[in-house]
Amino acid sequence: MKEPEWIAIEVILAIHEAQLAEHGGATGIRDRALLESALARPKNLFAYSANVSLNRLAAARLPLELPRIIRSWMVTSAPPG
């Protein structure tokens, strides 16, 4: 398989800002290093795994990063109301 076109962090941050502008919320991100780590995982998997599928690459960052991101958000977010 040829190397996928990876989404640049700048594009992800622009999408994030557009979503905030449309739906509201605090600007910025809590932990850029955590985001960079999540984006690096599929690249690493592609570089070091033989015959990896696109599905596996797409799912590579979620199992470890998503729960930590959600926990961070829950701890730092103010309760509604």
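The shown structure was predicted, so the numbers you read here are calculated from the model rather than taken from an experiment.

**What about the overall build of the protein chain?**
When its secondary structure is counted, the protein chain shows four helices and zero strands. Counted from the first residue to the last, the protein chain has its helices and strands arranged as α-α-α-α. Burial statistics for the protein chain: of 81 residues in total, 19% are counted as buried. Within the protein chain, counting contacts between residues at least 6 apart in sequence, those at least 24 apart form 48% of the total. Of the roughly 6400 Å² that the protein chain leaves accessible, carbon and sulfur atoms contribute 60%.

**A few points about unusual backbone geometry**
Look at N51: it is not a glycine, yet its phi comes out positive at around 55 degrees. Relative to the helices and strands, N51 resides in the loop between α2 (32–48) and α3 (54–59).

**Examining the packing of helix α1 (residues 9–23) against α2**
Put simply, α1 and α2 touch, their axes get as near as 11 Å, and they point 120 degrees apart. Taken as axis vectors, α1 and α2 run oblique relative to one another. The handedness of the crossing between α1 and α2 is right-handed. For the pair α1 and α2, the contacting residues are I9, E10, I12 and L13 in the first and R32, L35, E36 and L39 in the second. Its residues assigned to classes, the contact of α1 with α2 shows five nonpolar, no polar and three charged.

**What about α1?**
The first and last C-alpha atoms of α1 sit 21 Å apart over 15 residues, in line with the 21 Å expected at 1.5 Å per residue. Of all the positions in α1, only I9, L13 and L20 are classed as buried. Angularly, the buried residues of α1 cover 35 degrees about the axis, an arc narrow enough to put them on a single face. Exposed side of α1, more than 90 degrees from the buried face: A21 and E22 are the residues found there. Considering only its buried residues, α1 is in contact with α2. At the C-terminal side of α1, G24 shows a positive phi close to 90 degrees.

**As for a nonpolar patch on the surface**
Together, I7, V11 and I15 line one region of the surface with nonpolar side chains, adding up to about 270 Å² of accessible area. With respect to the secondary-structure elements, I15 resides in helix α1. The exposure class of I15 is partly exposed, given its relative accessible area of 49%.

Thresholds applied
- Residue numbers run consecutively from 1 along every chain, following the written order of its sequence.
- Per-residue local features of the predicted model are confined to residues with pLDDT of at least 70, and side-chain atom pairs are confined, for both listing and counting, to 80 or more; whole-chain, interface and lining totals are unaffected and use all residues.
- Each side-chain value is worked out from all heavy atoms of the structure, with water and hydrogens disregarded.
- We count a stretch as a helix when DSSP gives it H or I for four or more residues in a row; a strand needs E for two or more, and each element gets its number in order from the N terminus.
- Partly exposed residues are those whose accessible area sits between 20% and 50% of the maximum for their type, while under 20% is buried and over 50% is exposed, using a 1.4 Å probe and protein chains only.
- Any pair of residues with heavy atoms lying within 4.5 Å of one another is described as a contacting pair.
- Each accessible area is a Shrake-Rupley estimate made with a 1.4 Å probe; only the visible protein chains count as cover when residues are assessed.
- Each axis is a line fitted through C-alpha atoms, and for a helix only the stretch in contact is used; angles between axes span 0 to 180 degrees, taken between their N-to-C directions.
- The cut-offs work like this: below 35 degrees is roughly parallel, past 145 is roughly antiparallel, 65 to 115 is roughly perpendicular, and the gaps in between are oblique.
- When the near helix sits turned anticlockwise from the far one by under a right angle, the crossing is termed left-handed; a clockwise turn instead gives a right-handed crossing.
- Amino acids are sorted into nonpolar (Ala, Val, Leu, Ile, Met, Phe, Trp, Tyr, Cys and Pro), charged (Asp, Glu, Lys and Arg) and polar (every other residue, Gly among them).
- Multiplying 1.5 Å by the helix residue count minus one yields the expected span of that helix.
- Directions drawn from the helix axis to the C-beta atoms are what define this arc.
- A patch is a set of surface residues, each over 30% in relative accessible area and not in a salt bridge, joined within 9 Å for like charges and within 5 Å for the nonpolar side chains Val, Leu, Ile, Met, Phe, Trp and Tyr.
- By salt bridge we mean one thing: a side-chain nitrogen of Lys or Arg within 4 Å of a carboxyl oxygen of Asp or Glu.

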